[in-house]
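The chain contents come next:
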Amino acid sequence: MKKTIRDIDVKGKKVIARCDFNVPMQEGRITDDTRIRAALPTIEYLLEHDAALILMSHMGRPKGEPKMEFTLAPVAERLSEYLKKEVKFKSSPTVVDDEVKKMAAELKPGEVMLLENVRFRKEETENDPGFAKELASLAELFVQEAFGTAHRAHASTAGIADYLPAVSGFLIEKEVKFLGSAVEDPKRPFVAIMGGAKVGDKIPVIRNLISRVDTLIIGGGMAYTFYKAMGLEIGTSILDADNVGLAGELMKQAEEAGVKMLLPVDVVCAAAFENDAETVTVDRDKMPADMMGMDIGPKSAELFAEEIGKAATVVWNGPMGVFEMPNFAEGTKKVAEALAASDAITVIGGGDSAAAVEQFGLADKMTHISTGGGASLEFLEGKTLPGIAVIQDK
Ligand SMILES: Nc1ncnc2c1ncn2[C@@H]1O[C@H](COP(=O)(O)OP(=O)(O)OP(=O)(O)O)[C@@H](O)[C@H]1O
Ligand SMILES: O=C(O)[C@H](O)COP(=O)(O)O
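Residues numbered from 1 in each chain as written. Chains lettered and ligands numbered in written order. Predicted model: local features only at pLDDT ≥ 70, side-chain atom pairs only at ≥ 80, totals over all residues. Heavy atoms only, no water.

**Regarding the packing of aromatic side chains**
Line of reasoning, step 1. One pass over the structure, following the stated rule, counts 3 aromatic pairs.
Line of reasoning, step 2. When the centroid spacing of 5.2 Å and the interplanar angle of 85 degrees are considered together, the rings of Y45 and F170 count as edge-to-face. Note that Y45 is positioned in helix α1 (residues 34-48) and F170 in helix α6 (residues 170-184), a separation of 125 residues in sequence.
Line of reasoning, step 3. On the basis of relative accessible area, Y45 is assigned to the buried category, the value being 18%. (Phe/Tyr/Trp six-rings, centres within 6.5 Å; stacked < 30°, edge-to-face > 60°. Helix = DSSP H or I, 4+ residues; strand = E, 2+ residues; numbered from the N terminus. Buried < 20%, exposed > 50% of the residue type's maximum accessible area, 1.4 Å probe, protein only.)

Written as structure tokens, this is what we have:
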């Protein structure tokens, strides 16, 4: 068990908390503030318990330069609105400078400030000890709350813990609890659903999950690499050519382990990667050579929904089709509805899967929607995340 902010007296202490405020932005505006809202319980707890709170995060990938399109200024503003108090913020190109140090030193219990994007410094992603020490020097205690970035060993997520005692916030605690129980001691039948487009990234997860699940459902852009391994025509569908052999091996591994592996039985094909393209829905062995698979067909959606209905635990990562285009959203919607209607423990991981569930208005019907994309996947793979490893044990 990891220590949390409940296990430590924060009254009157300077606390530095790493959050993942890497939220989607469009023209300087936040388009989805889920990650900001997810950190509020910890921030409010610390302020109510009279900590003087310094928050830090990255935004995007500015590659070690103070690129202002990646400033955290909009985040400071949104946080102020939610907390109904000023969130002090100075946009320093070096993140920490004399004025920032003074602000931190003068911060009173119950007050909060936010540092500028830690990735404005190249030392952040290098996990440079000097930068870690600089950040640590602002406070007496480190709170890890950045689940979405916990798979990165950076100065603000890992290195800092060499200089300060480290405890976790409530979001990390919640993520570890739900994702951990889903893989370690799942209520059975345990069904994993994998989809999306990053086949190469997700195949290692499948390998790890086969030894744990009862049923594995594969849809979305992932399915065609498996079809290829089965010798089927896949037309111009996305394919991870490097992993066809591995897909075949995984099917064999599942069979040997007695794990049911379900692939879509029918496909909505389109003539082009466009919402209004000409479409045809066919059984999987009838895909036209000049079309691409864009969604699972209705028979597959029904088959998958039936399997979900029998599950006690469901983990879902990756949409069933190109759900951003309304004409190819049906399969993802049907699967989301099946999860929403079931009594199973339902865990959603991955940015697009979470956005899909949100788009269909079903987010509050799920047991847990992870704030982590890559992080939740590495967790499900059974890897130790460096940002979690540094938190003190109880
Ligand atoms: N048949 C398909 N052809 C092409 N793209 C597809 C297909 N099915 C799904 N996709 C695309 O996959 C993308 C999501 O895949 P991805 O693997 O990134 O999942 P995710 O839930 O966002 O996980 P992560 O957070 O790890 O990125 C969506 O943009 C969707 O349009
Ligand atoms: O969005 C994410 O997955 C996290 O914020 C980590 O971002 P990164 O992939 O740029 O490290």
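From this point on, the discussion continues.
**Considerations on the UniProt feature "binding site: (2R)-3-phosphoglycerate" (unreviewed entry) in the chain**
Line of reasoning, step 1. The sites that UniProt annotates as "binding site: (2R)-3-phosphoglycerate" (unreviewed entry) are R35, R119 and R152. As for the lining of the largest cavity, the annotated residues named previously contribute R35.
Line of reasoning, step 2. By the secondary structure assignment, R35 is in helix α1.
Line of reasoning, step 3. A relative accessible area of 19% places R35 in the buried class.
Line of reasoning, step 4. Excluding residues within four positions of it along the chain, R35 makes contact with D20, F21, N22, V23, G148, T371, G372 and G373.
Line of reasoning, step 5. At a separation of 3.0 Å, a polar atom in the side chain of R35 contacts the main-chain carbonyl oxygen of N22.
Line of reasoning, step 6. Here R152 is to be found in the loop between β7 (141-144) and β8 (166-168).
Line of reasoning, step 7. Apart from residues no more than four positions distant in its own chain, R152 is found in contact with R61, R119, T157 and P386. (UniProt positions renumbered as here; feature names shortened; annotations may be inferred. 1 Å grid on protein atoms, 1.4 Å probe; cavity = no way out; pocket = protein on both sides within 12 Å on 5 of 7 lines; lining within 4 Å. Contact = heavy atoms within 4.5 Å. Polar contact = N/O pair within 3.5 Å; in protein donor to acceptor, adjacent residues only side chain to side chain.)

**Re the pattern of salt bridges**
Line of reasoning, step 1. Inspection of the entire model under this criterion finds 23 salt bridges.
Line of reasoning, step 2. The partner of E173 in a salt bridge is R6, and the shortest N-O contact between them spans 3.1 Å. Remark: R6 occurs in the segment before β1 (14-18) and E173 occurs in helix α6; sequence separation between them is 167 residues.
Line of reasoning, step 3. Overall, E173 belongs to the partly exposed group, its relative accessible area being 29%.
Line of reasoning, step 4. In this structure R6 comes out as partly exposed when scored by relative accessible area, which is 48%. (Salt bridge = Lys/Arg side-chain N within 4 Å of Asp/Glu carboxyl O.)

**Focus on the environment of L209**
Line of reasoning, step 1. Its location among the elements puts L209 in helix α7 (residues 199-210).
Line of reasoning, step 2. In the structure, L209 is positioned 17 residues away from A192 in sequence and 7.7 Å away in space, judged by C-alpha atoms.
Line of reasoning, step 3. Not counting the four nearest positions on each side in its chain, L209 is found in contact with V183, A192, M194 and L380.

**A word on the site of ligand 1**
Line of reasoning, step 1. Taken together, 23 residues lie around ligand 1, and K198, K202, E324, D352 and S353 are the ones closest in.
Line of reasoning, step 2. With respect to ligand 1, the backbone of G221 contributes an N or O atom lying 3.2 Å from a nitrogen atom.
Line of reasoning, step 3. When isolated, ligand 1 has an accessible area of 640 Å², and the protein chains bury 89% of it.
Line of reasoning, step 4. Put simply, the parts of the chain that give the shell around ligand 1 at least two residues each are β14 (292-296) and α12 (351-359).
Line of reasoning, step 5. Partitioned by chemical class, the residues of the shell around ligand 1 number 8 nonpolar, 11 polar and 4 charged. (Near = heavy atom within 4 Å. Areas by Shrake-Rupley, 256 points an atom, 1.4 Å probe, with all protein chains shown as cover. Nonpolar A, V, L, I, M, F, W, Y, C, P; charged D, E, K, R; others polar.)

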